[in-house]
Amino acid sequence: MIYLDNAGTTRVDDSVLKAMLPYFSENYGNASSLYTFGQKAREVVEESRAKVAKCLGGSADEIIFTSGGSESDNQAIMSAARFGALKGKKHIISSAFEHHAVLHTLNRLERDGFEVTYLPVYSNGIVRLADLKKAIRPDTCLVTIMFANNEIGTIQPIAEIGKLCRQKGIIFHTDAVQAVGHVPIDVEKMNIDMLSLSAHKFHGPKGIGALYCRKGVPLFPLIEGGAQERNKRAGTESVANIVGLAAALELAVKEMPKVSKKLTKLRDKLISELSKIPHSALNGDAINRLPNNFNMCFEGIEGESLLLSLDEKGICASSGSACTSGSLDPSHVLLAIGRPHEVAHGSLRLTMSKYTTEKEIDAVIKAVPEIVEYYRKMSPVWDELEKGVRKHVI
């Protein structure tokens, strides 16, 4: 099997699993208990919190453990909105191609009387600072813009956005689920007030994430019922998962220079070779993107057919976010960068990890053109495009 859907989820690293195992059996105490057995669990939770904070450039008391990126996004956005409303500020700025954990939360706030401005991302998939400056109003309470897009991998000018928000006194949240563990992040230097992350995107376990919240930024609980996480997130701490998150993040940061260099080379090879397919187009900026992300559209192809044929060849790929894989609608991300509906349906996302080999990439480079050619020969639409009855879009 060739696994190239690492933006969807990653394999747990062996060393991470080893670090987690004792907290399922030997050291299974409840970290909120007062007796010694429970306090041993508390110690490792706080050690893990400090490790996560160090990797992000923050302090331990600025880290809240959650169930994952979606919960972190929800808590950050709802908290900033609630705080803004208390001061009579009910305007939020975001981008047109955020993850649905952000977009759906904003939709909910719009129904509750908030106004949201969605910045365009243009053909390269990058927000422009000039647009943000124009969108800011006296009643703006939050700017929430993702660090790196989950489908096309483009990286936003986060430090510049953070600086502007800090100057204007506006809370800045970034969904960094795809970026953490893959690119360098320093919340202090980048002026980030709140940041969401999820362990399973960087070889940690599923079901555990974290929210960085800068000191002084108000954070209200989404989940009530206990005093855990300094009264900000009720629920018995998942000690093993917390240990796994910290171990995975430490390892990812340590290996980042070497892994990034390797994956950038493989990514660029994919772009170079698969761009040779006629009437294909890379989605997003070719350079300013995550080192492991490749996303391309092929005209005249249905993405679902392409994925199923790749699966038959033992290649695991995707056409976009796993959170919307059951939808028949084209990707909102691709529509946001200007792809027409008929082209957006024919997208292919390949996302690599440190385990990906050049031999595997070579196999994909061989397989994709063959599959594209096969389906185009069968397509009456493609026949009309080739005969000039219809005009090619790309």
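Going by the structure above, here's the rest.
Quick summary incoming for the structure in this document. (Residues numbered from 1 in each chain as written. Predicted model: local features only at pLDDT ≥ 70, side-chain atom pairs only at ≥ 80, totals over all residues. Heavy atoms only, no water.)

Some remarks on unusual backbone geometry
In this model, Y122 sits at a positive phi of 60 degrees, which is unusual for a non-glycine residue. In this structure, Y122 sits in the loop between strand 4 (115-119) and helix 5 (129-135). For H279, which is not a glycine, the phi torsion comes out positive at approximately 55 degrees. Secondary-structure assignment places H279 in the loop between helix 8 (239-274) and strand 9 (280-282). What makes H279 partly exposed here is its relative accessible area of 27%. (Helix = DSSP H or I, 4+ residues; strand = E, 2+ residues; numbered from the N terminus. Buried < 20%, exposed > 50% of the residue type's maximum accessible area, 1.4 Å probe, protein only.)

Here we look at the packing of helix 8 against helix 12 (residues 358-378)
Packing of helix 8 against helix 12 brings their axes to within 10 Å, and their N-to-C directions diverge by 20 degrees. Considering the angle they form, helix 8 stands roughly parallel to helix 12. As for the relative orientation of helix 8 and helix 12, their crossing is right-handed in sense. Note on element contacts: helix 12 touches helix 8 through E358, I361, D362, V364, I365, V368 and P369, opposite K265, L266, K269, L270, E273 and L274. (Axes fitted to C-alpha atoms, helices over the stretch in contact; angles between N-to-C directions. Parallel < 35°, antiparallel > 145°, perpendicular 65-115°, else oblique. Left-handed = near helix turned anticlockwise from the far one by under 90°. Contact = heavy atoms within 4.5 Å.)

Structural notes on the side chain of Q178
Relative to the helices and strands, Q178 is located in the loop between strand 6 (171-175) and strand 7 (194-198). Classification of Q178 as buried rests on a relative accessible area of 9%. A polar side-chain atom of Q178 sits 3.0 Å from the main-chain carbonyl oxygen of A7. If near-sequence neighbours (up to four positions away) are discounted, Q178 is found in contact with A7, A148, N149, N150, K201 and L290. (Polar contact = N/O pair within 3.5 Å; in protein donor to acceptor, adjacent residues only side chain to side chain.)

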